[in-house]
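# Geometric and topological summary
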Amino acid sequence: MVLGNYKQAIAARSTDPEILRKSQDGGIVTQLFAYALDAGIIDGAIVAGQSEEPFKPEPMVATTREELLAARGTRYAISPNMSLIKEVTRSYGLDKVGVVGTPCQMQALRKGQLYPIGLRDVADKIALAVGIFCMENFPYQGILQLVEDHGATALENVSKLDIGKGKFWIYTERGATVQLPLKVTHKYEQPGCHVCLDYVANLADISTGSVGTPDGWSTVFVRSGKGDDIWAKAIAAGAFETKPIDSVKPGLELVTKLANDKVTKNQKYLESRATEYGVGKALRNPYI
Amino acid sequence: MGILESLKTLLFGKHDVGGGKQDEKPGSAKAEKPADVSIGKKASIIKEPKEEKPVADKITVGHVHMSGCTGCLVSFADNYEGLLTILDKYADLVYCLTLADVRHIPEMDVALVEGSVCISDHLSVEEIIETRKNAKIVVALGGCACYGNITRFCRGGQQNQPQHESYLPIGDLIDVDVYIPGCAPTPQQIRNVCVMAYLLLKGNDEQKALAGAYLTPLMNLAKAGTQACGCDIMTQGINQGLCMGCGSCAAACPVRAITMQYGKPQIERDMCIKCGACYAQCPRSFFSFDVVNQYEGIMEAIDAAMEP
């Protein structure tokens, strides 16, 4: 159950060379939104765009293909995409909203749809929620520390950041590569990630991530009825090249392993919060 | 019957609304002392608006107005035709400012209480106590009833009741069962609670279990106390090591007191009106996998329930 409910799991990548040129992996999120925008399924999407500071993401509303393309790629820092979920239906005026987010942001979204305490007229305007796999996230200052201090690289010279194969990778514009063992990154993770029990965005319509598939491809879980419908249309429109998930290495086995690792570790931490902090005191448990 | 027609009927009863002498200029008739009205034979001014009840098993709901701005009631009404569906199928409105012609708080299944209680006004105190006595479930509707909200800032001196300076959330005077925080609470949240309250009281076992699970976090909020502030995001979220920077609080804040700075909420505490929306919206304030994992089914069920 660590992989959540899904109707199908596929290895996929975008068929659009322009999207793939600067995408993190298979360009799934950008391609899905570009297709959905084209087909009128969404009016626009909340994405993690690029702010003025290098590799600092900022939630943005993309209503054109150009704006979507500008937001390609992963930025390993917190992008509070949910902060725009009401505004996108107001000053941006969208009736059919796309949103991309980490597993916790998908949880926030679904809670917000079921308990719209401060989200008036938002719940029924969510047309497509795309989740991304996530082990943990860093505050921007943590990324700064990792890249500039540990990696001895100026952030403005970095062309791509990546986490994979057990390492944190820094690629520079001039072709240098710096790798940091994940061990040094752990202390910069934000604490809120350590109570998270979701690795593969179980509550998204469609969730995707690099783990499980070869370089340049992504693993895709199609989860909800809405997601299934949109995925089928996107395939019919030729937006994606796909392979059966069991035909690729390392496949779902690795996804399951990592998901298990994360959930087990964090479950343990949650339990320790109830007993190991203070005497007869417990830290608050967010899950009821 | 069109929506407009049914609203008219709802508001004015089934009699001629537009009739009467409209052309008469004000002041043209000579003022006369009205004759005494004999109440002995119970002459009815309004022709009894007898409602036909297609569903016998409705719950009874009342809206109790304490010191609030009526924004919560407007928000309830902002379900538009959904309000009519609720009143047609699930709930009889037995007590409500403007919408129901009833003077004293009757017995009812669910009381939606809007506003805080002015303890300088004995009638308000009596009414909130009466509400608790007469209602099976008391729902604090909106920030004022739950947490005091903007009335927390009252210091008296306002016209025309300058002596009214002490306002308390209803939970400081009576036991409250369910909170719906927010200023104003959203039409969809009120709708969801109405449908779930109906299922809890009238549904089958499965529906009762679901409604119970859905309402539990809102009941827990009611148990947790009568104080709320943007600070809760810090004290109960960030301080407890639970914030992951999703931005829900910033989206929920009705006065835009919360912005996200470097991925974490920055709260302008002087702007905060203490409505409790930010903390209740936070996915790390309460989150039930049992409920949220079924989001697709629940949302479909609510949509189906709201079919006219």
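The shown structure was predicted, so the numbers you read here are calculated from the model rather than taken from an experiment.

The next point concerns the overall build of chain A. The helix and strand inventory of chain A stands at eight helices and eleven strands. A compact globule built from 288 residues would reach a C-alpha radius of gyration of about 19 Å, and chain A, at 19 Å, matches this within 12%. C-alpha atoms of chain A, sized along the principal axes, occupy 55 × 50 × 40 Å. Within chain A, counting contacts between residues at least 6 apart in sequence, those at least 24 apart form 67% of the total. Carbon and sulfur atoms make up 51% of the accessible area of chain A, which amounts to about 12100 Å² in all. The centroid of the 33 positive side-chain charges in chain A is displaced by 4 Å from the centroid of its 32 negative side-chain charges.

Once that is clear, we can look at the interface of chain B and chain A. Each side of the interface is counted separately: chain B has 54 residues, and chain A has 48 residues. Summed over the shared surface of chain B and chain A, the number is two salt bridges. In this structure, Arg-120 of chain A engages Asp-78 of chain B in a salt bridge whose closest nitrogen and oxygen atoms are separated by 2.7 Å. Between chain B and chain A we count 30 residue pairs in polar contact (both at pLDDT 80 or more) in total. Every element with two or more residues in the side of chain B that touches chain A is listed here: helix H6 (187–202), helix H7 (205–224), helix H9 (248–252), helix H10 (277–281), helix H11 (289–292) and helix H12 (295–305) of chain B. For the side of chain B that touches chain A, the element with the highest residue contribution is H7 of chain B, accounting for five residues. By residue class, the composition of the side of chain B that touches chain A is 31 nonpolar, 18 polar and five charged.

Per the stated rule, a full pass over the model turns up 15 aromatic pairs over all chains. The interplanar angle of 55° and the centroid separation of 4.8 Å between the aromatic rings of Tyr-6 of chain A and Phe-221 of chain A together place this pair among those described as tilted. Within this pair, whereas Tyr-6 of chain A is found in the segment before strand E1 (8–14), its partner Phe-221 of chain A is found in strand E10 (residues 218–222), the two being separated by 215 residues in sequence. Note on Phe-221 of chain A: relative accessible area 0%, which makes it buried. Considering the side-chain rings of Tyr-287 of chain A and Phe-287 of chain B, the 6.3 Å spacing of their centres and the 80° angle between planes classify their relative orientation as edge-to-face. In this pair, Tyr-287 of chain A is assigned in the segment after helix H8 (252–275) and Phe-287 of chain B in the loop between H10 and H11, connecting two distinct chains.

Another aspect to go through is H8 of chain A. Residues and elements named next belong to chain A. In this model, H8 (24 residues) spans 35 Å end to end at C-alpha, consistent with the 34 Å of a helix rising 1.5 Å per residue. For H8, the set of buried residues is Val-255, Leu-258, Ala-259, Lys-262, Val-263, Asn-266, Leu-270, Ser-272 and Arg-273. Packing partners of the buried residues in H8 comprise E10.

Residues and elements named next belong to chain A. Here eight strands make up an open sheet; going across it, the order is E3-E2-E4-E5-E9-E10-E1-E11 and the pairing mixed. Since the sheet does not close on itself, it has two edges, and those belong to strand E3 (57–62) and strand E11 (240–244), each with one partner. This sheet shows a mean twist of 30° between the axes of neighbouring strands, independent of strand direction. One ladder, built from five bridges, connects E1 with E11; its direction is antiparallel. Across the sheet, Ser-14 pairs through a bridge with Phe-240, a residue of E11.

A separate point is the environment of Ile-298 of chain B. Along the chain, Ile-298 of chain B turns up in helix H12. In sequence terms Ile-298 of chain B and Tyr-214 of chain B are 84 residues apart; their C-alpha atoms lie 9.6 Å from each other. Not counting chain neighbours up to four residues away, the residues in contact with Ile-298 of chain B comprise Leu-114 of chain A together with Met-196, Leu-210 and Val-291 of chain B.

Okay, the sheet that holds strand E7 (residues 178–180) of chain B next. Residues and elements named next belong to chain B. Taking strand neighbours across the sheet as the criterion, the five strands line up as E2-E1-E3-E5-E7 in an open arrangement whose pairing is parallel. Each edge of the sheet is formed by a strand with only one pairing partner; in this case those strands are strand E2 (91–95) and E7. Pairs of neighbouring strands in the sheet enclose a mean axial angle of 30°, with direction left out of account. Direction of pairing for strand E5 (residues 135–141) relative to E7: parallel, over a ladder of three bridges. Each bridged residue has a counterpart across the sheet, and for Ala-140 the counterpart in E7 is Tyr-179.

The next point concerns the nonpolar core. Taken as a class, soluble globular proteins show a tendency for nonpolar side chains to be buried jointly. Judged by nonpolar contacts, the single largest core of 117 residues is most densely connected at Ile-85 of chain A together with Ile-170, Met-196 and Leu-218 of chain B. No other element matches H6 of chain B, which puts eight residues into this core. Ignoring any residue separated from it by four or fewer positions in sequence, one finds Ile-170 of chain B in contact with Val-113, Gly-115, Val-117, Ile-128, Val-138, Ala-140, Ala-145 and Val-176 of chain B. With 31 residues, the next largest nonpolar core counts Leu-69, Ala-71, Val-100 and Ile-206 of chain A among its residues.

Turning our eyes to something else, we now look at the domain arrangement of chain A. All names here are of chain A. What the domain assignment reports for chain A is domain 1 (8–137 + 189–275) and domain 2 (138–188). Here the C-alpha centroids of domain 1 and domain 2 sit 22 Å apart. Taken residue by residue, the interface counts 14 residues in domain 1 and 17 residues in domain 2. Taken together, the two surfaces of domain 1 and domain 2 that pack against each other cover about 1500 Å², and 55% of this comes from carbon and sulfur. Summed over the three residues of domain 1 that lose the most area to domain 2, namely Phe-55, Tyr-76 and Glu-189, the buried surface amounts to 49% of that side. At the boundary of domain 1 and domain 2, one finds one salt bridge. For the salt bridge of Lys-165 with Asp-215, the shortest nitrogen-to-oxygen distance reads 3.5 Å. Inspection of the region where domain 1 meets domain 2 yields eight residue pairs in polar contact (both at pLDDT 80 or more). Residues belonging to the side of domain 1 that touches domain 2 are distributed by class as follows: five nonpolar, four polar and five charged.

Here we come to the confidence of the model for chain B. When the pLDDT values of chain B are averaged, the result is 88; 82% of them are 70 or greater. Here residues 7–22 of chain B is a poorly scored stretch, pLDDT under 50, and it has 13 contacts once near neighbours within four places are set aside; other chains count.

Before going further, it helps to examine the packing of H6 of chain B against H7 of chain B. Residues and elements named next belong to chain B. Closest axis-to-axis distance for the H6/H7 pair is 8 Å, and the angle between their directions is 135°. Our classification of the angle between H6 and H7 gives oblique. Note that H6 runs across H7; the crossing there is left-handed. Across the interface between the two elements, Gln-189, Asn-192, Val-193, Met-196, Ala-197, Leu-199, Leu-200 and Leu-201 of H6 pack against Gln-207, Lys-208, Leu-210, Ala-211, Gly-212, Tyr-214, Leu-215, Leu-218 and Met-219 of H7. For the contact of H6 with H7, a count of residues per class yields twelve nonpolar, four polar and one charged.

Attention now moves to the side chain of Asp-109 of chain B. All names here are of chain B. Note on placement: Asp-109 falls in strand E3 (residues 108–114). Here Lys-136 takes part through its side chain, which lies 2.7 Å from a polar atom of the side chain of Asp-109. Those residues in contact with Asp-109, other than ones at most four positions away along the chain, are Ile-59, Thr-60, Ala-135, Lys-136, Ile-137 and Leu-201.

Rules used in this analysis
- Residues numbered from 1 in each chain as written.
- Chains lettered and ligands numbered in written order.
- Predicted model: local features only at pLDDT ≥ 70, side-chain atom pairs only at ≥ 80, totals over all residues.
- Heavy atoms only, no water.
- Helix = DSSP H or I, 4+ residues; strand = E, 2+ residues; numbered from the N terminus.
- Rg over C-alpha atoms; globule rule 2.2 N^0.38 Å.
- Contact = heavy atoms within 4.5 Å.
- Areas by Shrake-Rupley, 256 points an atom, 1.4 Å probe, with all protein chains shown as cover.
- Lys, Arg positive; Asp, Glu negative; His and termini not counted.
- Charge placed at Lys NZ, Arg CZ, Asp CG, Glu CD.
- Salt bridge = Lys/Arg side-chain N within 4 Å of Asp/Glu carboxyl O.
- Polar contact = N/O pair within 3.5 Å; in protein donor to acceptor, adjacent residues only side chain to side chain.
- Nonpolar A, V, L, I, M, F, W, Y, C, P; charged D, E, K, R; others polar.
- Phe/Tyr/Trp six-rings, centres within 6.5 Å; stacked < 30°, edge-to-face > 60°.
- Buried < 20%, exposed > 50% of the residue type's maximum accessible area, 1.4 Å probe, protein only.
- Expected span 1.5 Å × (residues − 1).
- Pairing = 2+ DSSP bridges.
- Axes fitted to C-alpha atoms, helices over the stretch in contact; angles between N-to-C directions.
- Core = buried A, V, L, I, M, F, W, Y, C linked by side-chain atoms within 4.5 Å.
- Domains from an automatic or database assignment.
- Buried area = accessible area lost by both parts, 1.4 Å probe.
- pLDDT = per-residue confidence, 0-100.
- Parallel < 35°, antiparallel > 145°, perpendicular 65-115°, else oblique.
- Left-handed = near helix turned anticlockwise from the far one by under 90°.

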